[in-house]
Amino acid sequence: MIDEVKERALSELSLINDAKELEAWRVRYLGRKGEVSKIMKMLPNLPVDERREVGRKANELKEILEEKFEEKRREIRKPKFEPIDITLPGRPPLLGRLHPTTKILREICEVFASMGFEIVEGPEVEWDYYNFEALNIPEDHPARDMWSTLWIDYEDPSGKTPMLLRTHTSPMQIRVMEKRKPPIRVIMPGKVYRYEATDATHESMFYQVEGLAVDEGITMADLKGTLYEFSRRLFGKERRVKFRCDYFPFVEPGVEVAIDCFICRGEGCRLCGGSGWIEILGAGMVHPEVLRRVGYDPEVYTGFAFGMGIERIPMLRYGIDDIRLFYSNDIRFLRQMR
Ligand code: 2U9
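Residues numbered from 1 in each chain as written. Predicted model: local features only at pLDDT ≥ 70, side-chain atom pairs only at ≥ 80, totals over all residues. Heavy atoms only, no water.

1. Some points on the pairing of strand β6 (residues 205-216)
For step 1, the next point in the chain: Burial analysis of β6 places 10 of its 12 residues in the buried class, the great majority of the element.
For step 2, the next point in the chain: Two strands pair when backbone bridges link them, and strand β5 (residues 184-193) and β6 are joined in this way by 10 bridges, in the antiparallel orientation. What sits directly across from Val192, in β6, is Phe206.
For step 3, the next point in the chain: With nine bridges joining them, β6 and strand β10 (residues 301-309) adopt antiparallel strand pairing. Bridge assignment links Val214 to a residue of β10, and that residue is Gly303. (Buried < 20%, exposed > 50% of the residue type's maximum accessible area, 1.4 Å probe, protein only. Helix = DSSP H or I, 4+ residues; strand = E, 2+ residues; numbered from the N terminus. Pairing = 2+ DSSP bridges.)

In structure tokens, the structure reads:
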């Protein structure tokens, strides 16, 4: 009989889908005069040995029906559609931003790509040969002091030169020249490493873009024309550009390139340190010794090269006063980018 009540109750319940019917069902089965109560009231009339078994089953029935009742009640109460308040303002989607280094790097690449330069990348762990020797910076030469180097503790079994983290992207230019024949027009963006105490203007890792053009008949005029164009495309077409002598072992002559300050236009202000000029890059005609080493005849081929540190540019443009902010992974820094 208990089983029959259970089956009936559950099959009726399965057809119910409103609160009124559900309440009637509850009264019918779980109410004071309901089916379960009726069974309970019968218990004292049963023989003692049957009473126990029937009592247990009756309690079980009661529990199951109560549980199923609750389940159904929750189901009925749940709205069929999530209510939405269409007057609430929408949640703005979270937009990613470009890191200032990435943004400027892309701008630089675009300018040179439009002038016919190809973008190449290369290894950050290098041989001493490519980072120094081939660039006319011999071992024990004082010129090496220009680059505080992070050495890699590795000795190549073939007796190759020591390994290091590249201190500039120049080694890649040697690799390109070894692999190809002129005409060459490439730029190489990438990370470089220096063994240096960090401060507001120095980091042990930073980005560089270097460029190289080698062909027959390339002159200083090509260098100047290219870098004039670059400076104006990046910093404004009204910029004045100044070339001054400088020294790098891998170029001869070497120059330092400065633009008139884009804040004070040369008057002298805080940004340019009062001089009216801002240094943006270094450059020069590729040293004949460097060409000879990669098997190019310097009597036939000439070239120009340039190099710049990237972070300096967004620092000037966005007024960022500490280079350490770039790679400390503080999201508040990136959120300020447009
Ligand atoms: C080859 C031949 C010549 C690359 C050059 C510079 C001048 C230069 C510095 C600017 C700031 C590096 O980031 S920085 O510290 N670079 O001033 N770089 S000429 O000349 C080369 C490179 C490769 C084969």
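Anyway, onward from the coordinates.
2. A few points about the domain arrangement of the chain
For step 1, the next point in the chain: Annotation of the chain at the domain level lists domain 1 (2-77) and domain 2 (101-334).
For step 2, the next point in the chain: Taking only C-alpha atoms, the centre of domain 1 and the centre of domain 2 are 85 Å apart. (Domains from an automatic or database assignment.)

3. Notes on the side chain of Asp260
For step 1, the next point in the chain: Relative to the helices and strands, Asp260 resides in strand β8 (residues 251-260).
For step 2, the next point in the chain: For Asp260, the side chain forms a polar contact with the main-chain nitrogen of Arg240, separated by 2.9 Å.
For step 3, the next point in the chain: If we skip the residues at most four places from it in the chain, Asp260 touches Arg239, Arg240, Arg265, Gly276 and Trp277. (Polar contact = N/O pair within 3.5 Å; in protein donor to acceptor, adjacent residues only side chain to side chain. Contact = heavy atoms within 4.5 Å.)

4. What about the packing of aromatic side chains?
For step 1, the next point in the chain: This model, assessed by the stated rule, comprises 17 aromatic pairs.
For step 2, the next point in the chain: The interplanar angle of 20 degrees and the centroid separation of 4.8 Å between the aromatic rings of Phe112 and Phe230 together place this pair among those described as stacked. Linking Phe112 in helix α5 (residues 100-114) with Phe230 in helix α8 (residues 220-235), this pair joins segments that are 118 residues apart in sequence.
For step 3, the next point in the chain: Plain terms: the ring middles of Tyr228 and Phe243 are 5.6 Å apart, the flat faces sit at 65 degrees to each other, and that makes the pair edge-to-face. (Phe/Tyr/Trp six-rings, centres within 6.5 Å; stacked < 30°, edge-to-face > 60°.)

5. Structural notes on the site of the ligand
For step 1, the next point in the chain: The immediate surroundings of the ligand are formed by 20 residues, with Gln208, Phe248, Gly282, Ala305 and Gly309 found nearest.
For step 2, the next point in the chain: At a separation of 3.5 Å, a nitrogen atom of the ligand approaches a polar backbone atom of Gly307.
For step 3, the next point in the chain: Out of a free accessible area of 560 Å², the ligand has 87% covered by protein chains.
For step 4, the next point in the chain: A molecule is said to occupy a pocket when more than half its atoms come within 2 Å of that pocket's grid points, and by this definition the ligand occupies the largest pocket. (Near = heavy atom within 4 Å. Areas by Shrake-Rupley, 256 points an atom, 1.4 Å probe, with all protein chains shown as cover. 1 Å grid on protein atoms, 1.4 Å probe; cavity = no way out; pocket = protein on both sides within 12 Å on 5 of 7 lines; lining within 4 Å. Sits in = over half its atoms within 2 Å of the grid points.)

6. Some points on the layout of surface pockets
For step 1, the next point in the chain: Within this model, the largest pocket holds a volume of roughly 1400 Å³.
For step 2, the next point in the chain: Forming the boundary of the largest pocket are 45 residues, of which Phe206, Ile280, Met308, Gly309 and Arg312 lie nearest the centre.
For step 3, the next point in the chain: Put simply, the parts of the chain that give the lining of the largest pocket at least two residues each are α7 (170-179), β6, β8, β9 (277-286), β10 and α10 (312-318).
For step 4, the next point in the chain: If one sorts the elements of the lining of the largest pocket by residue count, β9 sits on top with six residues.
For step 5, the next point in the chain: Each residue belonging to the lining of the largest pocket can be placed in one class, and the counts come to 24 nonpolar, 10 polar and 11 charged. (Points joined across faces, edges and corners; volume = space filled by probe spheres on them. Nonpolar A, V, L, I, M, F, W, Y, C, P; charged D, E, K, R; others polar.)

7. Side note on helix α1 (residues 2-15)
For step 1, the next point in the chain: With 14 residues, α1 extends 21 Å between its outermost C-alpha atoms, agreeing within 8% with the 20 Å of an ideal straight helix rising 1.5 Å per residue.
For step 2, the next point in the chain: Those residues of α1 that fall on the buried side of the exposure criterion are Ile2, Val5, Ala9 and Leu13. Taken end-on, α1 shows its buried residues confined to a sector of 60 degrees, consistent with a single buried face. With respect to the buried face of α1, the exposed residues turned more than 90 degrees away are Glu7, Ser14 and Leu15.
For step 3, the next point in the chain: Considering only its buried residues, α1 is in contact with α2 (19-30), α3 (35-42) and α4 (48-77). (Expected span 1.5 Å × (residues − 1). Arc of directions from axis to C-beta.)

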